[in-house]
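Structure assessment
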Amino acid sequence: MDRTLIQEILEVVEQAAIASAELTGLGQKDEADAAAVEAMRKRMGQIEMQGRIVIGEGERDEAPMLYIGEEVGSGSGPGVDFAVDPCEGTNLCANNQRGSMAVLAASDRGGLFNAPDFYMKKLAAPPAAKGKVDIRKTATENIRILSQCLGLAINELTIVVMDRARHKDLIAEIRSTGARVQPISDGDVQAAIACGFAGTGTHCLMGIGAAPEGVISAAAMRALGGHFQGQLVYDPAIAQTSEWADYTKEGNIARLNEMGINNVDKIYEAEELASGENVVFAGSGITDGLLFNGVKFESDCTRTSSLVISTLDGTARFTNTIHIKDGAKSIALS
Ligand code: VTB
């Protein structure tokens with residue numbers, strides 16, 4: 001991977017965000033996802049690389065495009081692995097709510113964990129708390145550590161947790177410490193990355209979300225120097241999801257073993273989930289969010305707001321792009 005790739009990767013997420021944003025608020029989550037997938041794949045095809053999807057829209061028989069194992073790019077050039085979520089927060093997009101974005105992580109060959117389509121317990125925190133908070137500790141202990149590391153009183157801390165039945169006890173425990181809980185309906189990638197920046201008002205992400213999204217969050221946090229740990233969740237009694245109504249704990253363990261994951265309780269550090277020599281995260285807002293705005297359609301242009309975090313040059317670049325329409329007559333600065 002080299003630095004020229006960063007610009008192309010930015011354009012990939014911008015195009016996906018624009019395609020999804022055409023459908024914000026229309027209640028069409030699958031269509032919004034499909035539009036983002038198609039735009040992402042098309043732009044990736046123009047990049048000189050031997051790209052490969054390691055986390056995508058599903059297995060080959062479930063997804064027509066950006067399926068796991070799909071080769072993307074021109075077919076010559078550097079080998080690059082991608083974890084993609086072309087429309088992260090499809091419900092947020094369909095309902096025109098905050099926090100939907102087009103995201104991907106990229107790395108050298110073999111540099112991203114091939115996460116199974118399972119759940120993952122996650123802990124994200126700012127760089128100052130990296131290696132100090134620990135997913136093995138209780139929420140109460142981690143909140144005390146966070147308070148010390150950040151120099152903030154416990155009641156000044158905001159902990160984001162996905163609003164799910166499985167988190168009832170976790171939310172009660174966090175509140176019992178005096179810290180504030182911010183429940184979110186979807187979009188734990190944005191919440192995790194927001195912990196990496198001071199001033200977002202988000203100090204920690206706790207709880208269980210999806211594993212593939214965990215790898216994308218981990219890539220961003222590794223490049224930022226923030227804290228991220230994940231542990232796969234295979235017990236339906238813990239995940240409490242209707243999607244696992246017919247699954248058993250034993251059956252899930254067997255599925256993980258078949259995928260080559262034998263230590264099913266392993267705790268993964270950010271550096272293991274995104275282990276490549278170089279790691280790039282790119283995200284572009286579909287709807288407005290904590291990190292950047294969503295796509296704005298204007299008569300003479302379309303505006304996108306994005307973030308690329310890269311270990312290649314040690315940068316987090318916030319970018320506002322004006323996509324000029326043919327015959328444009330007047331484009332405001334912002
Ligand atoms: C999780 C979360 C994502 O969808 O995948 C969630 O990581 C789905 O969780 O950010 P449930 O199965 O519990 O509903 C998102 O919120 C959006 O893709």
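About the criteria used
- Residues numbered from 1 in each chain as written.
- Predicted model: local features only at pLDDT ≥ 70, side-chain atom pairs only at ≥ 80, totals over all residues.
- Heavy atoms only, no water.
- Buried < 20%, exposed > 50% of the residue type's maximum accessible area, 1.4 Å probe, protein only.
- Helix = DSSP H or I, 4+ residues; strand = E, 2+ residues; numbered from the N terminus.
- Pairing = 2+ DSSP bridges.
- Core = buried A, V, L, I, M, F, W, Y, C linked by side-chain atoms within 4.5 Å.
- Domains from an automatic or database assignment.
- Contact = heavy atoms within 4.5 Å.
- Salt bridge = Lys/Arg side-chain N within 4 Å of Asp/Glu carboxyl O.
- Buried area = accessible area lost by both parts, 1.4 Å probe.
- Nonpolar A, V, L, I, M, F, W, Y, C, P; charged D, E, K, R; others polar.
- 1 Å grid on protein atoms, 1.4 Å probe; cavity = no way out; pocket = protein on both sides within 12 Å on 5 of 7 lines; lining within 4 Å.
- Points joined across faces, edges and corners; volume = space filled by probe spheres on them.
- Axes fitted to C-alpha atoms, helices over the stretch in contact; angles between N-to-C directions.
- Near = heavy atom within 4 Å.
- Polar contact = N/O pair within 3.5 Å; in protein donor to acceptor, adjacent residues only side chain to side chain.
- Areas by Shrake-Rupley, 256 points an atom, 1.4 Å probe, with all protein chains shown as cover.
- Sits in = over half its atoms within 2 Å of the grid points.

Our next topic: the pairing of strand 4 (residues 101-108). The buried count for strand 4 comes to 8 of 8 residues, which makes it a mostly enclosed element. Sheet topology note: the strand 3 (residues 79-88)/strand 4 ladder contains 7 bridges and is antiparallel. In the strand pairing of strand 4, aspartate 81 is matched with serine 107. Here 7 bridges tie strand 4 to strand 11 (residues 279-285), and the two strands are oriented antiparallel to one another. Note that in strand 11 the partner of alanine 105 across the bridge is phenylalanine 281.

Most often, soluble globular proteins keep nonpolar side chains buried together rather than apart. By size, the foremost hydrophobic cluster in this structure holds 52 residues, and its most contacted members are Ile193, Phe228, Leu232, Leu273, Phe281 and Leu307. Examining the composition of this core, we find that 8 residues originate from one element, helix 7 (residues 211-224), more than from any other. Mapping this core onto the domain boundaries places at least three of its residues in each of domain 1 (3-110 + 276-324) and domain 2 (119-273). If near-sequence neighbours (up to four positions away) are discounted, phenylalanine 281 is found in contact with Val103, Leu104, Ala105, Ile193, Ile216, Ala220, Leu307, Val308 and Ile309. Ranked by size, the runner-up nonpolar core spans 36 residues in total, among them Ile18, Leu66, Val84 and Ala282.

A complete count under the given rule lists 13 salt bridges for this structure. Lysine 296 is paired through a salt bridge with aspartate 288; the nearest N and O atoms lie 2.7 Å apart. You can call lysine 296 partly exposed: its relative accessible area is 33%. One continuous salt-bridge network, built from bridges that share partners, spans Glu8, Glu11 and Arg43.

Looking now at the domain arrangement of the chain. By the assigned domains, the chain splits into domain 1 (3-110 + 276-324) and domain 2 (119-273). Each of domain 1 and domain 2 has a C-alpha centre, and these two points are 23 Å apart. Domain 1 puts 26 residues into the contact, and the matching count from domain 2 is 20 residues. In total, about 1800 Å² of surface goes out of reach between domain 1 and domain 2, with carbon and sulfur atoms giving 72% of it. Its largest share of buried area at the contact with domain 2, domain 1 owes to Leu290, Leu291 and Ile309, together 27% of the area lost on that side. At the boundary of domain 1 and domain 2, one finds 0 salt bridges. Put simply, the parts of the chain that give the side of domain 1 that touches domain 2 at least two residues each are strand 3, helix 3 (90-94), strand 4, strand 11, strand 13 (301-310) and strand 14 (315-324). Taken together, the residues of the side of domain 1 that touches domain 2 break down into 17 nonpolar, 6 polar and 3 charged.

Moving on: the layout of surface pockets. In this structure, the largest pocket encloses a volume near 1600 Å³. In terms of lining residues, the largest pocket is bounded by 46 residues, among which Asp117, Ala210, Pro212, Glu213 and Glu243 are the most central. The leading source of residues in the lining of the largest pocket is strand 3, at 5 residues. Taken together, the residues of the lining of the largest pocket break down into 19 nonpolar, 10 polar and 17 charged. If you count residues domain by domain, the lining of the largest pocket takes at least three from each of domain 1 (3-110 + 276-324) and domain 2 (119-273).

Taken together, the 6 strands give an open sheet; going across it, the order is 7-6-8-5-9-10, and neighbouring strands pair in mixed fashion. Across the chains shown, the open sheet's two edge strands, defined by having one partner strand only, are strand 7 (180-184) and strand 10 (267-269). Along the sheet, successive strands turn relative to each other by an average axial angle of 20 degrees, direction set aside. Across 7 bridges, the pairing between strand 5 (residues 119-125) and strand 9 (residues 227-233) is antiparallel. Along strand 9, the bridge assignment pairs methionine 120 with leucine 232. Taken strand by strand, helix 4 (residues 139-150) contacts strand 5, strand 6 (158-162) and strand 8 (204-210), and its axis lies near 140 degrees from that of strand 8.

Working note: non-glycine residues mostly have negative phi, and peptide bonds are mostly trans. At asparagine 96, a residue that is not glycine, the phi angle is positive and equals roughly 50 degrees. Assignment of secondary structure puts asparagine 96 in the loop between helix 3 and strand 4. We note that glutamine 240 has phi near 45 degrees; this positive angle belongs to a residue other than glycine. Mapped onto the elements of the fold, glutamine 240 is located in the loop between helix 8 (236-239) and helix 9 (249-258). The exposure class assigned to glutamine 240 is partly exposed, which follows from its relative accessible area of 47%.

Taken together, 13 residues sit near the ligand, with Glu88, Tyr119, Asp186, Gly187 and Asp188 positioned nearest. Taking arginine 164, its side chain carries an N or O atom lying 2.9 Å from an oxygen atom of the ligand. Take alanine 210: an N or O atom from its main chain is 3.1 Å from an oxygen atom of the ligand. Protein chains bury 81% of the 430 Å² of accessible surface belonging to the ligand in isolation. Judged by the proximity of its atoms to the pocket grid, the ligand belongs to the largest pocket. Contributing elements (two or more residues each) for the shell around the ligand: strand 5 and strand 8.

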